[in-house]
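# Observations on chain architecture
If you want the building blocks of each chain, they are given just below.
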Amino acid sequence: MPGRVGESGERICIVLLTGLGDVVMGLPVANALKRDDPRRRITWVAEPMPASVLRHHPAIDEVVVFEKRRGLRGVLDLWRALSRRRFDVTLNLNIYFKSVFPMVFSRAPHRVTVDRGRARDGVWLFGNHQLAPRPRGHTLDLFLEFLEWFGLRDYRVEWRLTLSEEERRKQAEFFERLGGDRPVAVLVPASSRPSKDWFADRYAEVVDALEFDFGFRTVLVGGPGERETRIAREIVERARARPVWAMGDDVRRVVWVIAGSQLVVAPDTGPVHIARALDVPVIGLYGHTNPWRVGPYRKFEDLWVDRYTDEGEPPDPSRTEPKSGRMELITVADVLERVQRAVDRYIPGEALRR
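Residues numbered from 1 in each chain as written. Predicted model: local features only at pLDDT ≥ 70, side-chain atom pairs only at ≥ 80, totals over all residues. Heavy atoms only, no water.

## Concerning the overall build of the chain
The condition is simple: Numbering goes from the N terminus for both helices and strands, where a helix is a DSSP run of H or I of at least four residues and a strand is a run of E of at least two. Contact definition: two residues touch when any of their heavy atoms are within 4.5 Å. Each accessible area value is a Shrake-Rupley result obtained with a 1.4 Å probe; residue values ignore everything except the protein chains displayed when judging cover.
For the chain, the count of helices and strands is 13 helices and twelve strands. Judged by the C-alpha coordinates and their principal axes, the chain covers about 60 × 50 × 40 Å. A separation threshold of at least 6 residues defines the contact pool for the chain, and within that pool the share at least 24 residues apart is 64%. Summing over all exposed atoms, the chain offers an accessible surface of approximately 15600 Å²; the carbon and sulfur share of this is 48%.

## Considerations on the packing of aromatic side chains
Inclusion rule: When the centres of two rings from Phe, Tyr and Trp lie within 6.5 Å, Trp using its six-membered ring, the rings pair. Their planes under 30 degrees apart give stacked, over 60 give edge-to-face, and anything left gives tilted. To sort residues, take the accessible area from a 1.4 Å probe on protein chains only and compare it with the maximum for the residue type: under 20% means buried, over 50% means exposed, and anything in between is partly exposed.
Counting across every chain of the model gives eleven aromatic pairs. Plain terms: the ring middles of Phe 101 and Phe 105 are 6.2 Å apart, the flat faces sit at 50° to each other, and that makes the pair tilted. Linking Phe 101 with Phe 105, this pair stays in helix H4 (residues 100-105), spanning four residues, or about one helical turn. The exposure class of Phe 105 is buried, given its relative accessible area of 16%. Aromatic side chains Phe 300 and Tyr 346 sit 5.1 Å apart centroid to centroid with 75° between the ring planes, which places their arrangement in the edge-to-face category. Here Phe 300 is found in the loop between helix H11 (291-294) and strand E12 (305-306), whereas its partner Tyr 346 is found in the loop between helix H12 (332-345) and helix H13 (349-352), with 46 residues between them in sequence. In textbook terms, an aromatic cluster arises when at least three aromatic residues are bridged by ring pairs, as seen for Phe 66, Phe 97, Phe 101, Phe 105 and Phe 126.

## Remarks on the pairing of strand E4 (residues 89-92)
We count it as follows: Two strands pair if DSSP finds at least two bridges between them. When the strands point away from the viewer and the path from the first strand over the helix to the second turns clockwise, the crossover is right-handed.
Burial along E4 is two-sided: the residues Val 89 and Leu 91 and Thr 90 and Asn 92 are all buried. Both E4 and strand E5 (residues 110-113) contribute to a ladder of three bridges, which runs parallel. Note that in E5 the partner of Val 89 across the bridge is His 110. Tracing the backbone out of E4, into H4 and back to the parallel element E5 gives a crossover that is right-handed.

## Focus on helix H10 (residues 270-277)
Among the eight residues in H10, eight count as buried, and that is most of the element. Tucked inside the fold, the buried residues of H10 contact helix H1 (20-36), helix H9 (251-259), strand E10 (263-267), strand E11 (282-286) and H11.

## Brief notes about the pattern of salt bridges
Cut-off, in case you're wondering: A pair is scored as a salt bridge if a Lys or Arg side-chain nitrogen falls within 4 Å of a carboxyl oxygen belonging to Asp or Glu.
Taken as a whole and assessed by the stated rule, the structure comprises 35 salt bridges. A salt bridge links Glu 173 to Arg 169, with the nearest nitrogen and oxygen atoms 2.6 Å apart. Here Glu 173 and its partner Arg 169 are both found in helix H6 (residues 165-177), four residues apart, which amounts to about one turn of the helix. For Glu 173, a relative accessible area of 35% translates into the label partly exposed. Since its relative accessible area comes to 38%, Arg 169 is described here as partly exposed. Of the charged contacts, one joins Glu 226 and Arg 230 as a salt bridge, the two residues approaching to 3.2 Å between their closest N and O atoms. You can see Glu 226 and its partner Arg 230 sitting in helix H8 (residues 226-238), four residues apart, about one turn around the helix. Since its relative accessible area comes to 57%, Glu 226 is described here as exposed. Taken together, the shared-partner salt bridges connect Asp 115, Arg 118, Arg 134, Glu 145 and Glu 148 into one network.

## Structural notes on the sheet that holds strand E7 (residues 184-187)
What counts here: Comment: axis = line fitted to C-alpha atoms, over the contacting stretch for helices; angle = value between 0 and 180 degrees taken between N-to-C directions.
Spatial ordering of the open sheet is given by E9-E8-E7-E10-E11-E12, a layout of six strands whose pairing is parallel. Among the strands making up the open sheet, the edge pair consists of strand E9 (244-247) and E12. Packing of helix H7 (residues 200-213) onto the sheet brings it into contact with E7, strand E8 (217-222), E10 and E11, and relative to E7 it is tilted by some 175°.

## Some thoughts on the sheet that holds strand E1 (residues 11-15)
Spatially, six strands are ordered E3-E2-E1-E4-E5-E6 in an open sheet, and the strand pairing comes out parallel. Single-partner strands in this sheet number two, and they are strand E3 (62-65) and strand E6 (129-130).

## What to know about the environment of Asn 31
Note the following rule: Two N or O atoms form a polar contact when they lie within 3.5 Å of each other; inside protein one atom must be a possible hydrogen donor and the other a possible acceptor, and for residues adjacent in sequence the pair counts only when both atoms belong to side chains.
Relative to the helices and strands, Asn 31 is located in helix H1. Between the C-alpha atom of Asn 31 and that of Pro 315, which follows or precedes it by 284 residues, the distance is 29 Å. Engagement of the side chain of Asn 31 in a polar contact is seen with the backbone oxygen of Glu 158, the distance being 2.6 Å.

Taken by themselves, the reported measurements are silent on function.
Structure representation (structure tokens):
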């Protein structure tokens, strides 16, 4: 049953380790808890890459980084870090076994997990409270269920991604170098898995259409990995236009580049949710994964290219199985039709006339 503990200011540990998109989608939970009682102290445990997106966030008092890739040493470092802290409640928003370590190490008397039917790897066994069983739905809806444990039902879904003054200065310099006379479209060449990716030759056609037909300045954004870099370089080589190169390992830069842009085109990957959090129109490319479960939350559905859902089939967020061979069904024409729709519905005319 939902219940409130420690009314004089709970110490809450949120466990949501990765990926980047999931961590961004977890932010409304922290915001709702803090808005309900500003005295709450919220600590978030995350892995290194997504942890940086939590920096400067007004609802998060502290971030503890779990360096899982360091193996046993990373686990021991996490234990030492959490042993120096005290928590009243731990919310384990993850469903995989790696989240057991911070949940147990938190030693919170109340440890809330996903219910048995939706958790994996026996994670639910390590909590002493579970969510009520429900059908699988959108990932963010699952996260918001944790607020019910506190009796919270009337809350605002908000992300509040915040830039520092230094980041705003860097952002201004970056866009000033672009000239400032055209709207900016961000393209994300790759996701965490090849099966979710679109194709470099098709991206190159989209770059050219955005630049020459729609009047956008295009920017390539993504991680520093070999595959992402290789795909981005192929896009540059194939396109007649020359997109701006903003690939690299700085997640904070991804945030402020998207924040200053007018449009994002991306497969199922973290920047999609950064764009949604910042209310930047995003064209999501979905074939391998279900956009009704992992797409931008309750906005920009009209900009999705959904080749996961069969024609005539109703949206079903409970479906979690991947579908192979579906990204190939997304055409350049599909994407450009969504670009036109974004221009017509979401991008102010003055932005296009700059």
